[in-house]
Amino acid sequence: MNKRVLVKFSGEALAGEEGYGIDTKILDYIAEEIKELVDNDVEVGIVIGGGNIIRGVSAAADGIIKRTSGDYMGMLGTVINGIAMQEALEHKGLNARLQTAIKMEQIAEPFIVRKAARHLEKNRVVIFSAGTGNPYFTTDTAATLRATEIGASLLIKATKVDGIYDKDPMKFDDAVKLDTISYDQALEDHIKVMDDTAIALAKDNKLPIVVANMNEKGNLLKIINGDTSKCSIVK
Ligand code: UDP
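Residues numbered from 1 in each chain as written. Predicted model: local features only at pLDDT ≥ 70, side-chain atom pairs only at ≥ 80, totals over all residues. Heavy atoms only, no water.

As annotated in an unreviewed UniProt entry, the protein carries the name Uridylate kinase and comes from Poseidonibacter parvus. UniProt, in its Catalytic activity (unreviewed entry) section for the protein, records the words "UMP + ATP = UDP + ADP". (UniProt positions renumbered as here; feature names shortened; annotations may be inferred.)

If you want it as C-alpha cells, here you go:
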C-alpha cells in the first residue's frame, strides 16, 4: 500500500513578501514539492489555511463583524487559496481535486471522505478547503481531522521554521530544536506552531504531527522516507 500523508500549509505561506494575497511563485514551489511526493508514490492530501486573506479573530476584533461571520469569511479565504493550489498542481501536470467543507458545487466537490479516498488511490492530490466548516476552529484542527479521516500515517505541518524549539528561536540565540515531543508536553507548553485542539485530536487518534520547514527543498519527501533531521515530531 502506498504511503498516505496530509500536508498543511498556512495561508500566510502563500503570501510571499507582500504579506497578503497569493504569490504564484510560491504556489509553483509548493506544487513542485508535492509533485516530488506523488512521483514517489505518496498519496497526498493538502489543507491550506486562509491567514493571507482573513482571520476570523482579527476580522471581529473591533466588534463590528461578529466572530462567527468573521470565521466564515476566513473559511471562504481558504477556498480561494484552494482554487489557486488546484491550478498550480494541474499546471505541474498533476491531477488534483478541491473539496470544500461548505458546499459550493460550482467551484468544488463537497467534502466526502469516501470520494477523497478514491481520488487518493488514483494518485490525485486532494485539497481540503473551508476548514472544518465550523466557526471557532482553525485549519490546523481541520488538517488533523482530515488526516485522521483519510487514514494518513502522518500530518506534516509545513512552516517557515525548522521545527519546535524549547524557546522562541527568533528571540533567543541559544534556543534548541526538539527532535521529538510528546502530545502531553506539546499541550502543556502550548507550543505556538500548533493549537491545543489540533494536538488533542491528534493525541486521541495517535496521529504523529511533523513540524517542518517548507523552504527546505526536498524536505517533505525526506521526512516521509524517514529522514527527520530537519523537523520536529509530536507523537
Ligand atoms: N476557520 C474556521 N473554521 C475552521 C477553519 C478555519 O472558522 O475549521 C476560519 C478562522 O476564522 C481562521 C480562518 O478561517 O482564522 C483562516 O484559517 P487559519 O487561521 O487556520 O489559517 P492559517 O493560519 O493556517 O493561514
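Now that the structure has been shown, the text picks up again.
(A) The arrangement of the pairing of strand β2 (residues 42-48) in detail. In terms of burial, β2 is a largely internal element, seven of the seven residues being buried. Side-chain alternation along β2 places V42, V44, I46 and I48 on one buried face and E43, G45 and V47 on a second face that is also buried. Pairing analysis gives seven bridges linking strand β1 (residues 3-9) to β2, with the strands arranged parallel. In the strand pairing of β2, K8 is matched with V47. Here β2 pairs with strand β5 (residues 125-129) via three bridges, running parallel. In the strand pairing of β5, V47 is matched with F128. (Buried < 20%, exposed > 50% of the residue type's maximum accessible area, 1.4 Å probe, protein only. Helix = DSSP H or I, 4+ residues; strand = E, 2+ residues; numbered from the N terminus. Pairing = 2+ DSSP bridges.)

(B) Inspection of the packing of aromatic side chains at higher detail. For the structure shown, the criterion picks out one aromatic pair. Ring centres of F111 and F128 lie 5.7 Å apart, and the angle between their planes is 75 degrees; this geometry places the pair in the edge-to-face category. Placement of the pair is F111 in the loop between β4 (109-110) and α5 (113-121) and F128 in strand β5, with a sequence separation of 17 residues. Positioned above the aromatic ring of F111, the side-chain terminus of R146 is 3.6 Å from the ring centre. For the cation-ring pair, K167 lies above F172, with the distance from its terminal atom to the ring centre recorded as 5.5 Å. (Phe/Tyr/Trp six-rings, centres within 6.5 Å; stacked < 30°, edge-to-face > 60°. Lys NZ or Arg CZ within 6 Å of the ring centre and 35° of its normal.)

(C) Seen up close, the site of the ligand. Surrounding the ligand, one finds 21 residues, the nearest of these being R55, D71, T132, N134 and T139. Here an oxygen atom of the ligand sits 2.8 Å away from a polar atom, N or O, in the main chain of G51. The separation between an oxygen atom of the ligand and a polar side-chain atom of T139 is 2.5 Å. When the free accessible area of the ligand is taken as 520 Å², the share hidden by the protein chains comes to 92%. Counting residues per element, the ones that place at least two in the shell around the ligand are α1 (11-15) and α4 (67-91). Element by element, the count of residues in the shell around the ligand is highest for α4, at three residues. (Near = heavy atom within 4 Å. Polar contact = N/O pair within 3.5 Å; in protein donor to acceptor, adjacent residues only side chain to side chain. Areas by Shrake-Rupley, 256 points an atom, 1.4 Å probe, with all protein chains shown as cover.)

(D) Quick look at the sheet that holds strand β9 (residues 180-181). Spatially, the nine strands line up as an open sheet ordered β4-β3-β5-β2-β1-β6-β10-β11-β9, and their pairing is mixed. Lying at the two open borders of the sheet, with one neighbouring strand each, are β4 and β9. Where strand β3 (residues 96-100) and β5 come together, five bridges link them in parallel fashion. The residue bridging L98 from the neighbouring strand is I127, located in β5. Along the sheet, helix α2 (residues 24-39) contacts β1, β2 and β5; its crossing angle with β2, the most-contacted strand, is approximately 150 degrees. (Contact = heavy atoms within 4.5 Å. Axes fitted to C-alpha atoms, helices over the stretch in contact; angles between N-to-C directions.)

(E) The UniProt feature "binding site: ATP" (unreviewed entry) in the protein, seen in detail. Residues annotated by UniProt as "binding site: ATP" (unreviewed entry) correspond here to K8, F9, S10, G11, G51, R55, T159, Y165 and D168. A maximum C-alpha distance of 25.4 Å shows the annotated residues, which cover 161 residues in sequence, to be distributed over more than one spot. Among the secondary structure elements, K8 is positioned in strand β1. Discounting residues that sit within four places of it in the chain, K8 has contacts with V47, I48, G49, T139, D140, A143, L155, I156, K157 and A158.

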